[in-house]
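# Breakdown of the fold
In case you want the letters, here they are:
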Amino acid sequence: LDYPKVDPHGSPIPDALGKIQLKNYNPLSSFKKGDKVNLIAVTNSNDEFLKYLNSKKLDLDTQMEIIEKEEFDQSITVIYKNQTVVLSSKITDKLLVEKI
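These figures come from a predicted structure and were not determined experimentally. (Residues numbered from 1 in each chain as written. Predicted model: local features only at pLDDT ≥ 70, side-chain atom pairs only at ≥ 80, totals over all residues. Heavy atoms only, no water.)

## A short note on the sheet that holds strand 6 (residues 95-99)
What links the strands of a sheet is backbone hydrogen bonding, and the strands pair in either a parallel or an antiparallel sense. Put simply, the rule is: Any two strands with at least two DSSP-identified bridges between them are counted as paired. The numbering of helices and of strands both runs from the N terminus, where a helix is a DSSP run of H or I of at least 4 residues and a strand a run of E of at least 2.
Read across the sheet, six strands follow the order 1-6-2-3-4-5 without closing on themselves; strand pairing throughout is antiparallel. Looking along the sheet, the strands with just one partner apiece sit at the ends: strand 1 (26-27) and strand 5 (83-87). Here five bridges tie strand 2 (residues 36-42) to strand 6, and the two strands are oriented antiparallel to one another. Paired with Ala41 across the two strands is Leu96, which belongs to strand 6.

Dropping the structure here:
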């Protein structure tokens, strides 16, 4: 498998010595309009949530740009893979990203 460092949901996998390389990612909800981020992991891996992400074609290592953040409900509009999608705060709290 070429010694992956993370599982399919972005959680770290220990190396051969049992050490885990932890990184401090932030939820998408903590970013603002104009920020460009890369989806690294999800904090919820239940079937319903993963099916939702699949329906939106949101995979790990997806780069996106925040084009709007609503003050009223904190929903975020992002653009990625040539599509524009509105994500609720319930979703953006569970998507762990890093700024690019």
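## Quick word on the nonpolar core
As a reminder, the rule being used: Here, nonpolar core means buried Ala, Val, Leu, Ile, Met, Phe, Trp, Tyr and Cys residues that are tied together by side-chain atoms lying within 4.5 Å of each other. Each residue is assigned to one of three classes by its accessible area relative to the maximum for its type, calculated with a 1.4 Å probe on protein chains only: buried under 20%, partly exposed between the two thresholds, exposed over 50%. Here a residue-residue contact requires only that any non-hydrogen atoms of the pair lie within 4.5 Å.
Leu28, Leu53, Leu58, Met64, Val78, Leu87 and Leu95 are the most contacted members of the largest nonpolar core, which has 19 residues in total. Of all elements in the fold, only strand 2, helix 1 (47-55), strand 3 (63-69), strand 4 (76-80), strand 5 and strand 6 reach the threshold of two or more residues within this core. Once you skip the residues sitting within four places of it in the chain, Val78 turns out to touch Leu28, Met64, Glu65, Ile66, Ile67, Gln83, Thr84, Val85 and Leu87.

## Description of helix 1
Going by this rule: Here the arc refers to the set of directions running from the helix axis out to each C-beta atom. Polar contact is defined as a pair of N or O atoms within 3.5 Å, subject to the rule that within protein one atom must be able to donate a hydrogen and the other to accept it, and that residues adjacent in sequence are counted only when both atoms are side-chain atoms.
Turning to helix 1, its buried residues number three or more, namely Phe49, Leu50 and Leu53. End-on, the buried residues of helix 1 take up no more than an arc of 95 degrees, which puts them together on one face. Opposite its buried face, helix 1 presents the exposed residues Asp47, Glu48, Lys51 and Asn54, each directed more than 90 degrees away. Elements in contact with the buried residues of helix 1: strand 2, helix 2 (89-92) and strand 6. A side-chain oxygen of the first residue of helix 1 lies 3.2 Å from the backbone nitrogen of Glu48; this N-cap is Asn46.

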